[in-house]
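Residue-level listing of the chains:
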Amino acid sequence: MATEIVGLNFTTTCEDVQFYMDSLNDIGNLHQLDSNAQIKSLLLETKLELVRMVKCEELSDDIDSIIDTISDARYARVAIEYFVPIFHTRSLKDPKSVGYLRPAFIKIASFLRQVKSSNSTNYDGNFAKTYHSAAVLYFVKEILNVIPLSIFSTYAMIVDMNEESLGHLPTKIGADSITDYLFEDHYKRAKLTFELSVLTKGIIDMKETFIGDLMMDPQKILEEGLRKELICQISSAMHTHLQFSIKSMKNIKSVQSVLDTFVETLHTLSRRMECFQKAIIWLQDFLRLNGLEIYLQESARVIWWNTNIDIGKEATSDPLPSLISASSCSIAVPNYPQSFDDATSFTFMGRTLNMMLKVLDPQICSYSTYLDGWFFHKTHDPVIDGKTIALLRRAIGVQGLIAMETLICHKISIELKNLRQFYGQSLVTYGVTLEKFRDAIFPEWKVPKHGESFYSLASTKLNKLFPPLNKITTRIGKLQLMRRLLKTELHLTSRIEAEKLLQTCHVINYDIMSYLEDNRKNIRHDHTIKSMMQVASQLQEALGGGIPMSTLFAKTDALEGLPSLLTLFLIHYMPAVSFDVTFQALKGKEDESFDGWVMASGLGTVLRQFNPAYTKAFFSLFGQYVKCAMKEFLRNMESGDSMSVSLGKKASNSVRFMKQLQSICGLDHCVVNDNIPQSLMEMFEQLQQGASD
């Protein structure tokens, strides 16, 4: 084959090479060679060389001339790159030497004038020059990138000095007490600040210079370097700090230990992010840049980039909201390996959310709408509440909370998809049982003749479906209540720290309403109103607007018999729950994973995805059961049966849950009162108190 390759006639090269490729594939498929890794490697290398031969043969004369011209000066670029560390060391050791970099850059770029042309008629002589100009410009950026790195590292030292060793220096000091204050650390801080100012001043004094055909703007190069270093610093800080061990939480002590670590981590990260923000804002006085804008853009870019990764690789949309899109999207955000402690998350955003959800075990804590958070059953200490979310906002910012809500919505969509798949699989086995149950209790306004025992029997037949259904609805409920905490934090913060933005949002809403009134006829194809609505929607998200329970996550198909299954599901758990007066919440036994407000939020979210008739049917069926349990309670109380106490507990828990579901979903009171009259509930409460006394 080697002899044939040497004697190739390149007029038919492509056909011959294709023949040799097929022959090599046939050789590789032989049984004796298929398991030999060395021979397979040689075959692959040979095929790659054949492909390279074809590509080289197809090169035209002008491309050959360009490659020849570029190769002539390639050695010089490689030799110059050797001096990059020397430039860095000299700049950091002597900040004043930064001012000498411009003549050095001009001298380095002087070889571009010596780039020789070619005699080829089709040759574009500027191509090689442009290539080398871009390479030299990249070399300049590599040298100047040491300045942002030095700025952030030096400012980190200044912040550490402020927190640890520097004491408060009063504006007036008496002559007799001047020796009580140490000035050595203050002198070090002033020296570091002065060196940074000299370092940045050298960049500002540089003038715009042509590097070949390209313009070198030192200000833009420095800004790009600052953005790049800021992205690396923020990504590294969040990835390093937001690491949690969520596998060791088995009891209250372990959960409390993890929570203490979580709070301390958020405190450390918030101080670190404040350091970055102060550093970039401090620079704007020297570099004539909007430091706060750069910080907000790049921190938001890091947050949304990682959120997009956790949402899924298939998401091809821009990870940044258009309201605050960064101007440096060409700078890559670092990707870090997945954490071993959390195999379900790819980035720090997913790890943080999973950690908060993991500690919210219904067996040890419950949610309270009156206290707006989760609290331990025994100690009544907070687990996740408004203070925790406020600390999270200081650590990851406002855009971090908005991105966290986006990730929560994605997880809720996944859980709803799992619910549809689970229900479809369950109908294969239990569809007939649900149909018989619906026929036996029809009509819903009438108390069935079979009594409360019929409900218990039907619930027992479907007993295997309830644990997975409980798991799905509990996850959805916790995610929705977490959204509620995030929106509450955004809402309160906007009223305190962003009053002008709030007023701007009101003005935009007023403009939208006025525009709609003036253009009612052609509003469907109007692009102006669409852009206005998009801006208003993004502002509302940042201000914590919207009701979480009213969100439609996906278009769903009709699920026949779903209200009946949810009714039997709740009937199964009502005897095992109790009412906590402190938190005004229903909670399960120690071995039961049931949280009243979480379950109400989860079921309300599920019902919201379907036609309102599903919600009405569920309240009708559950109200029918409550009336049946009340009737049995009155009958047993008159006969002195001991079962009246358990029946009264079932009925009272059911009424409380209906009221919680109506409250958390924002439904009208008539949803409950139409199925269970208010007078009947008041009479039942009085009779139950008398029976317990």
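Remember, it's a predicted structure, so these values are computed and weren't measured experimentally.

### So, helix α22 (residues 596-608)
Each full turn of the α-helix corresponds to 3.6 residues, which orients residues three or four apart in the same direction.
Phase 1: For α22, spanning 13 residues, the distance from its first C-alpha to its last is 18 Å, which sits close to the expected 18 Å at 1.5 Å a residue.
Phase 2: By the criterion of burial, α22 is predominantly enclosed, with 12 of the 13 residues buried.
Phase 3: Looking only at α22, the buried set comprises G596, W597, V598, M599, A600, S601, G602, L603, G604, T605, V606 and L607.

### Some details on the packing of helix α17 (residues 452-461) against helix α21 (residues 562-573)
Phase 1: Running from amino to carboxyl end, α17 crosses α21 at an angle of 100°, the nearest separation of the two axes being 9 Å. Taken together, the axes of α17 and α21 are roughly perpendicular relative to one another. Contacts from Y455, A458 and S459 in α17 reach L568, I571 and H572 in α21.
Phase 2: Considered class by class, the residues forming the contact of α17 with α21 number four nonpolar, two polar and no charged.

### Here we look at the nonpolar core
Phase 1: Core analysis: the largest hydrophobic core is formed by 142 residues, its most contacted members being W374, I384, L570 and F657.
Phase 2: Considering every element that reaches this core, the biggest residue donor is helix α16 (residues 386-441), with 21 residues.
Phase 3: Setting aside its immediate chain neighbours within four residues, I384 contacts L259, M356, V359, L360, G373, W374, I389, M482 and L485.
Phase 4: Membership of the second largest hydrophobic core comes to nine residues, among which are C505, I508, M532 and L543.

### Things to note about the sheet that holds strand β4 (residues 373-376)
Phase 1: Overall, antiparallel pairing links the three strands, which are arranged β3-β4-β5 in an open sheet. Each edge of the sheet is formed by a strand with only one pairing partner; in this case those strands are β3 (365-368) and β5 (382-385). Adjacent strand axes in the sheet meet at a mean angle of 20° when their direction is disregarded.
Phase 2: Judged from the three bridges that link them, β4 and β5 form a sheet pairing that is antiparallel. Note that in β5 the partner of W374 across the bridge is I384.

### Quick notes on the pattern of salt bridges
Phase 1: Across all of its chains, the model carries eight salt bridges by this definition.
Phase 2: Measuring nitrogen to oxygen at the nearest pair gives 3.0 Å for the salt bridge that ties R483 to E405. Taken together, the residues R483 in helix α18 (residues 466-497) and E405 in helix α16 connect sequence positions 78 residues apart.
Phase 3: Assessed through its relative accessible area of 8%, E405 is described here as buried.
Phase 4: Put simply, R475 and E415 hold a salt bridge, and the shortest N to O gap is 3.4 Å.

### Examining a nonpolar patch on the surface
Phase 1: A cluster of nonpolar residues, Y82, F83 and I86, forms a patch on the protein surface that exposes about 350 Å² of accessible area.
Phase 2: Note that I86 resides in helix α7 (residues 84-93).

### Structural notes on unusual backbone geometry
Phase 1: Of note in the backbone geometry, D372 takes a positive phi value of approximately 55° without being a glycine.
Phase 2: Notably, H380 is not glycine yet its phi reads approximately 60°, a positive angle.
Phase 3: Examined against the element boundaries, H380 turns out to sit in the loop between β4 and β5.
Phase 4: Classification of H380 by relative accessible area gives partly exposed; the value is 35%.

### Quick look at the packing of aromatic side chains
Centre-to-centre distance and the angle between the planes together describe a pair of aromatic rings.
Phase 1: Enumeration over the complete set of coordinates arrives at 16 aromatic pairs.
Phase 2: Between F569 and Y573, the aromatic rings sit 5.1 Å apart at their centres with planes inclined by 70°, giving edge-to-face as the arrangement. You can see F569 and its partner Y573 sitting in helix α21, four residues apart, about one turn around the helix. Here the two residues F569 and Y573 agree in accessibility, since each one is buried.
Phase 3: A connected cluster of aromatic rings, assembled from ring pairs, spans F437, F454, Y455, F466, F569, Y573, F594, F618, F619, F622, Y625 and F657.
Phase 4: A cation over an aromatic ring shows up here: R656 above the ring of F579, its NZ or CZ 4.3 Å from the ring centre.

About the criteria used
- Residues numbered from 1 in each chain as written.
- Predicted model: local features only at pLDDT ≥ 70, side-chain atom pairs only at ≥ 80, totals over all residues.
- Heavy atoms only, no water.
- Helix = DSSP H or I, 4+ residues; strand = E, 2+ residues; numbered from the N terminus.
- Expected span 1.5 Å × (residues − 1).
- Buried < 20%, exposed > 50% of the residue type's maximum accessible area, 1.4 Å probe, protein only.
- Axes fitted to C-alpha atoms, helices over the stretch in contact; angles between N-to-C directions.
- Parallel < 35°, antiparallel > 145°, perpendicular 65-115°, else oblique.
- Contact = heavy atoms within 4.5 Å.
- Nonpolar A, V, L, I, M, F, W, Y, C, P; charged D, E, K, R; others polar.
- Core = buried A, V, L, I, M, F, W, Y, C linked by side-chain atoms within 4.5 Å.
- Pairing = 2+ DSSP bridges.
- Salt bridge = Lys/Arg side-chain N within 4 Å of Asp/Glu carboxyl O.
- Patch = residues over 30% accessible without salt bridge, like charges linked within 9 Å, V, L, I, M, F, W, Y side chains within 5 Å.
- Areas by Shrake-Rupley, 256 points an atom, 1.4 Å probe, with all protein chains shown as cover.
- Phe/Tyr/Trp six-rings, centres within 6.5 Å; stacked < 30°, edge-to-face > 60°.
- Lys NZ or Arg CZ within 6 Å of the ring centre and 35° of its normal.

These figures come from the coordinates and say nothing about function on their own.
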